[in-house]
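Residue-level structural notes
Here's the letter readout for the chains.
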Amino acid sequence: NEYGAGNGSHDPGTPSSSIAAERKRLNSNDPEGIAEDLRLQGKCDQAVPMFRRLAERGTDYAVSQFNLGLCLFDLAKAEHDAQQAAAPNKEGADWVLQAANAGFGKAQAMSVVLYLDGLGVAADPVEAGKWAYVFHDNVSRLVLALPDISADIRGRLNAALTGDKRKEARARANAWVQTGERTDQ
C-alpha cells in the first residue's frame, strides 16, 4: 500500500485512505496520472495505450514517453519467448531515449543502463558514458538535488570505459543537443 501500513485493514477515515481518495478524485481528469497509477499497480497492458497517446504528442510529454518505455519493458519481461520480448524492449528503449533527448533526467539515467546492458539497443559503453555525462551535467538534476548514477552503475561504466573510450564519451556528451524544451524531473 503506497500510503498506508500495507496490512489491508485500514479504516476509511484514516489519512492514508483520504489521501488516496483525494488523489483518485484529482486524477480523474488527468490521463497521465491515471496511466501512472495503472503502471504503479502493474497494469501496463491498460496504461500503454494511454501513455502512447500522450507520448506521441512530442517532447512536452517526456514523462509519458519515459513511463511508456518503462511499461513496455515490464510487458517484455512477462514474455516467455525472447523473440517476442525483443520488439517491446526496442520500442521501450526508443521511448526512453526520446525522453532522455528531451532533457528528462530519469530517462537520461536509465539510458546509461540501456546501453550498458544492451536492453532494446546494441550494447555500447561509449554511448552509456555519454548519457552518464549528460545526466551528471543536467541542470534540472542539480537544481532538484537528484542523486547521480548509482555506485554500482558507475563501477560498471568505469570498467567498460578506459582511455580513449572515456574521451569519446565526453566528446559525445559535449556534442549532445537537447530536443524541445526541458521538462521537470
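Coordinates for the structure precede this section.
Before going into details, it helps to say that this report is about the structure given with it. It should be emphasised that the depicted structure is a prediction, and the values quoted were computed from it without experimental measurement.

1. What about helix α6 (residues 105-117)?
- Along its 13 residues, α6 runs 19 Å from first to last C-alpha, staying within 8% of the 18 Å computed at 1.5 Å per residue.
- Taken together, the buried positions of α6 are Gly105, Ala107, Gln108, Ser111, Val112, Leu114, Tyr115 and Leu116.
- The elements touched by buried residues of α6 are α4 (62-78), α5 (82-101), α7 (125-137) and α9 (151-160).
- One or two steps after α6, the chain reaches Gly118, where phi turns positive at roughly 70°.

2. Details of the packing of α4 against α5
- Running from N to C, α4 and α5 cross one another at 160°; their axes reach a closest spacing of 7 Å. Regarding the angle of α4 to α5, the classification is roughly antiparallel. The way α4 lies across α5 gives a crossing that is left-handed. In this structure, α4 contributes Ala62, Gln65, Phe66, Leu68, Gly69, Leu72, Phe73 and Ala76 to the contact, and α5 contributes Ala85, Pro88, Asn89, Glu91, Gly92, Ala93, Trp95, Val96, Gln98 and Ala99.
- In terms of residue class, the contact of α4 with α5 is built from 12 nonpolar, five polar and one charged.

3. Topic: unusual backbone geometry
- At Ala145, a residue that is not glycine, the phi angle is positive and equals roughly 55°.
- When you line up the elements, Ala145 lands in the loop between α8 (139-143) and α9.
- Classification of Ala145 as exposed rests on a relative accessible area of 64%.

4. Examining the nonpolar core
- Counting 31 residues, the largest nonpolar core has Phe66, Ala107, Val112, Trp131, Ile149 and Leu157 as the members making the most contacts within it.
- Those elements that place two or more of their residues in this core are α4, α5, α6, α7, α9 and α10 (164-175).
- Looking at this core, the element that brings in the most residues is α7, giving seven residues.
- Non-local contacts of Phe66, meaning those with residues more than four positions away in its chain, are made with Trp95, Val96, Ala99, Phe104, Lys106, Ala107 and Met110.
- Membership of the second largest hydrophobic core comes to 12 residues, among which are Ala35, Val48, Cys71 and Trp95.

5. A few points about the packing of aromatic side chains
- One pass over the full model with this rule turns up two aromatic pairs.
- Look at Trp131 and Trp176: their rings are 5.9 Å apart centre to centre, the planes differ by 70°, and that puts the pair in the edge-to-face class. Here Trp131 is found in helix α7, whereas its partner Trp176 is found in the segment after α10, with 45 residues between them in sequence. We note that Trp131, like Trp176, is buried.
- The cationic tip of Arg141 hangs over the ring face of Phe135; the distance from NZ or CZ to the ring centre is 5.4 Å.

6. Things to note about the side chain of Glu36
- Mapped onto the elements, Glu36 comes out in helix α2 (residues 31-40).
- Side-chain polar atoms of Glu36 contact the side chain of Arg39, separated by 3.1 Å.
- Dropping the residues within four chain positions of it, Glu36 is found in contact with Phe51 and Asn67.

7. Considering the state of the cysteines
- By the definition in use, this model includes one disulfide.
- Bridging Cys44 to Cys71, the disulfide has an S-S length of 2.3 Å. With the S-S dihedral at roughly -70°, the linkage between Cys44 and Cys71 falls on the left-handed side. Of this pair, Cys44 sits in helix α3 (residues 44-55) while Cys71 sits in helix α4, placing them 27 residues apart in sequence. Grouping residues by exposure puts Cys44 and Cys71 together as buried.

Here is what the cut-offs are and how they apply
Residues numbered from 1 in each chain as written. Predicted model: local features only at pLDDT ≥ 70, side-chain atom pairs only at ≥ 80, totals over all residues. Heavy atoms only, no water. Helix = DSSP H or I, 4+ residues; strand = E, 2+ residues; numbered from the N terminus. Expected span 1.5 Å × (residues − 1). Buried < 20%, exposed > 50% of the residue type's maximum accessible area, 1.4 Å probe, protein only. Contact = heavy atoms within 4.5 Å. Axes fitted to C-alpha atoms, helices over the stretch in contact; angles between N-to-C directions. Parallel < 35°, antiparallel > 145°, perpendicular 65-115°, else oblique. Left-handed = near helix turned anticlockwise from the far one by under 90°. Nonpolar A, V, L, I, M, F, W, Y, C, P; charged D, E, K, R; others polar. Core = buried A, V, L, I, M, F, W, Y, C linked by side-chain atoms within 4.5 Å. Phe/Tyr/Trp six-rings, centres within 6.5 Å; stacked < 30°, edge-to-face > 60°. Lys NZ or Arg CZ within 6 Å of the ring centre and 35° of its normal. Polar contact = N/O pair within 3.5 Å; in protein donor to acceptor, adjacent residues only side chain to side chain. Disulfide = S-S within 2.5 Å.

These values are about where atoms sit, not about what they do.
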